[in-house]
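# Observations on the three-dimensional arrangement
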Amino acid sequence: MWDEEVDRPAFRPLRRTLIALALIVACASVFAQTPPAPPRFVVVLDAAHGGDDSGARLGSENEEAFTLAFGVRLRSLLTARGFAVVTTRESDAGVDPARRADIADHANSQACLSLHAAMSGSGVHLFVSSLAPVQNTSFDARFLPWKTAQAAWVMRSISLAGVVNSALSHANVPVTLGRTALPAIDSMTCPAVAVEIAPDRSSDAQGPASLDDADYQARVADALAAALVEWRSETREDHQP
Amino acid sequence: MIPRHQTILFIVLLAASAIMGVLLWNQLRRAHDRLLRGEDSAPTQAPLVAPAEQATLMVANDADNTVQPRILTLPLPQNPEARARAVLGKLLDLYAAPESTHSVPGGASSIAQVFLIPIADAAGRGTPDGSQLAVVNLAGTFVAGHPSGLETESLTVLSICSTLSANLPRVTEVRFLVDGQPRASLAGHADLTRTYLTSEETVAAPGVRP
């Protein structure tokens, strides 16, 4: 009786729907048993300056060229370690600070490094936004004031700076830490640190202090990559139930 | 052969030119003396000798990215705006010195003006504690000569804000102008469009270790 009714042409669409639902449930149960793939860990590299804005003069080259070359080197190291890397500029083109923040915000990244270079000071200078920290829960996170968006991420940015500081110190690179007001960073909605690379003028340094020292550049880049590996593992531990 | 009458005419004209030259020279000298007599070079107001007072300068150090207090005795005017300018001028003089720990050319003349403006609430009344906004007008030559770099620019802004806060406790906010106009950054890095709060961690705890 039932078979006869179901075989009627009027019931055929219903039968197809039931079969499709059964297949979806079966597939879902199979996929539920396989472990979920880890979420993409995105890092934004912001090579400062570019175009008409050449930045500081660094002996034989300008800051814009140095940060671009260093960003390419760091991107290779990070890609080899399984990171998804987003860059704010790939050529000698000027990028507005607001556009840099826009790229970083749309990448939904877990770490943003703004790369700078200078001849003053010694070693690597790490800067976090000077905005006063604001708790995420105190306002609707979908709507953030543009120039102070980083306020909700300042505490995470300070944690990231701490991890980078440890990695650089471990690599015998002198580090100073501070807070600053940098328009691109202040508008970013991710843990963000400005990294300014200066020549190593410490007593441990070998040879004259220069940013052209390939070994020194490699040491800093390796330390930054190691810091981001550490930051990724810390972030995943925090998100585990 | 030059005719006689032409020779006489030439001599007469030459003599007339010489006489006119002497007359003109005399007139010029008289006019100069007359102008000098008309100018009163006596001072209209006796210069005030400001009493020497202690001032706290927050001096930046590029080597360790810190700002450290240095107490100096300076002749400081009573007017708060003039006092602020004098203190900041001394700070920038230290930076322009050859042995400076934060080398920035320019010196005292880099501070064109400092304006102190009462901070008003929403109703337009001043705050009960008399908080003030300091507007520091920097000379364009100072900004043009400032070294570019995140650390060095941040330290300059930080030391100016914290020096104002240390010597004028009612100053709670600081803004910057360059030749009277707003400017995006000091030398490509430090933001000059924002209002700096002296209570911010940047100013209150320089060189903070996260």
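Preceding block: the structure.
Heads up: these notes are all about the structure in this document. (Residues numbered from 1 in each chain as written. Chains lettered and ligands numbered in written order. Predicted model: local features only at pLDDT ≥ 70, side-chain atom pairs only at ≥ 80, totals over all residues. Heavy atoms only, no water.)

### Digging into the environment of B:Leu155
So the rule is basically this: Helix and strand labels come from DSSP, where a helix needs a run of H or I of at least four residues and a strand needs a run of E of at least two; each type is numbered from the N terminus. Burial status follows relative accessibility: with a 1.4 Å probe on protein chains alone, a residue under 20% of its type maximum counts as buried, one over 50% as exposed, and anything between as partly exposed.
Considering the arrangement of structural elements, one finds B:Leu155 in helix H4 (residues 150-167). Note on B:Leu155: relative accessible area 1%, which makes it buried.

### Examining the packing of helix H2 (residues 80-96) of chain B against H4(B)
Residues and elements named next belong to chain B. Our working definition: Where helices are involved, their axes are fitted lines through C-alpha atoms of the stretch in contact, as for all axes, and angles between N-to-C directions lie from 0 to 180°. Here the word oblique covers every angle except those under 35 degrees (roughly parallel), over 145 (roughly antiparallel) and from 65 to 115 (roughly perpendicular). Rotating anticlockwise by less than a right angle from the far helix to the near helix defines a left-handed crossing, while the corresponding clockwise rotation defines a right-handed one. Residues are treated as being in contact if the distance between any of their heavy atoms lies within 4.5 Å. Polarity classes work like this: nonpolar for Ala, Val, Leu, Ile, Met, Phe, Trp, Tyr, Cys and Pro, charged for Asp, Glu, Lys and Arg, and polar for all others, with Gly in that last group.
Running from amino to carboxyl end, H2 crosses H4 at an angle of 140 degrees, the nearest separation of the two axes being 10 Å. With respect to H4, the axis of H2 lies oblique. The way H2 lies across H4 gives a crossing that is right-handed. Here H2 contributes Ala-84, Val-87, Leu-88, Leu-91 and Tyr-95 to the contact with H4, which in turn contributes Ser-159, Ile-160, Thr-163, Leu-164 and Asn-167. Its residues assigned to classes, the contact of H2 with H4 comprises 7 nonpolar, 3 polar and no charged.

### What about the pairing of strand E7 (residues 175-180) of chain A?
Residue and element names in this part refer to chain A. To keep it simple, the criterion reads: In this analysis, strands are considered paired if DSSP registers two or more bridges between them.
A large share of E7 lies buried, amounting to 5 of its 6 residues. Direction of pairing for strand E6 (residues 124-129) relative to E7: parallel, over a ladder of 6 bridges. Note that in E7 the partner of His-125 across the bridge is Thr-176.

### Looking at the sheet that holds strand E5 (residues 171-178) of chain B
All names here are of chain B. Taken in spatial order, the 4 strands of this open sheet run E3-E4-E5-E6, and their pairing is mixed. Here the strands that pair on one side only, and so sit at the sheet edges, are strand E3 (111-118) and strand E6 (196-197). Bridge count for E3 against strand E4 (residues 132-138) is 7 bridges, and the pairing is antiparallel. Bridging from a neighbouring strand, Ile-111 pairs with Leu-138 of E4. Here H2 sits on the sheet and contacts E3 and E4; the angle it forms with E3, its principal contact strand, is near 140 degrees. Sitting on the sheet, H4 is in contact with E4, E5 and E6, with an inclination near 135 degrees to E5.

### Details of the layout of surface pockets
Quick note on the threshold: Throughout, the protein atoms alone are placed on a 1 Å grid, and a set of points is a cavity if a 1.4 Å probe fits but cannot get out or a pocket if it is open with protein on both sides within 12 Å along at least five of seven lines; lining residues have an atom within 4 Å of a point. Grid points are joined across faces, edges and corners, and a volume is the space filled by probe spheres set on the points.
For the largest pocket, the calculated volume is near 550 Å³. Along its surface, the largest pocket is lined by 30 residues, and A:Pro97, A:Leu182, A:Pro183, A:Ala184 and B:His189 are the ones closest to its centre. Looking at the lining of the largest pocket, the elements with two or more residues in it are helix H4 (97-106), strand E5 (111-117) and helix H6 (183-186) of chain A. Per-element tally for the lining of the largest pocket: the top contributor is H4(A), with 4 residues. Tallied by class, the residues present in the lining of the largest pocket amount to 11 nonpolar, 11 polar and 8 charged.

### Concerning the interface of chain A and chain B
This is how the line gets drawn: Accessible-area loss on putting two parts together, using a 1.4 Å probe and summing over both, is the definition of buried area adopted here. Basic side-chain nitrogens of Lys or Arg form a salt bridge, by our definition, when they fall within 4 Å of a carboxyl oxygen of Asp or Glu.
Taken together, the contact pairs 25 residues of chain A with 24 residues of chain B. Together, the buried faces of chain A and chain B total about 2000 Å²; carbon and sulfur atoms form 57% of this surface. The largest contributions to the chain A side of the interface with chain B come from A:Leu177, A:Arg179 and A:Ala181, which together make up 27% of the buried area. On the surface where chain A and chain B come into contact, there are 0 salt bridges.

### Details of the pattern of salt bridges
The full count for this structure, using the stated rule, is 5 salt bridges over all chains. A:Asp102 serves as the salt-bridge partner of A:Arg99, at 3.0 Å between the closest nitrogen and oxygen. Here A:Asp102 and A:Arg99 lie together in helix H4, a separation of 3 residues that amounts to about one turn. On the accessibility criterion, A:Asp102 (24% relative accessible area) is partly exposed. Residue B:Glu53 is joined to B:Arg83 by a salt bridge in which the shortest nitrogen-to-oxygen separation is 2.9 Å. In this pair, B:Glu53 is assigned in strand E1 (residues 52-61) and B:Arg83 in helix H2, connecting sequence segments 30 residues apart. Judged by its relative accessible area of 15%, B:Arg83 is buried.

### Comments concerning the pairing of E5(A)
All names here are of chain A. For E5, a buried count of 7 out of 7 residues is recorded, marking the element as mostly surrounded by other parts of the structure. Side-chain alternation along E5 places Ala-111, Leu-113, Leu-115 and Ala-117 on one buried face and Cys-112, Ser-114 and His-116 on a second face that is also buried. Bridge count between strand E1 (residues 42-47) and E5: 5 bridges; the pairing is parallel. Each bridged residue has a counterpart across the sheet, and for Val-44 the counterpart in E5 is Cys-112. Where E5 lies against strand E8 (residues 192-197), 6 bridges are found, and the strand directions are parallel. In the strand pairing of E8, Ala-117 is matched with Ile-197.

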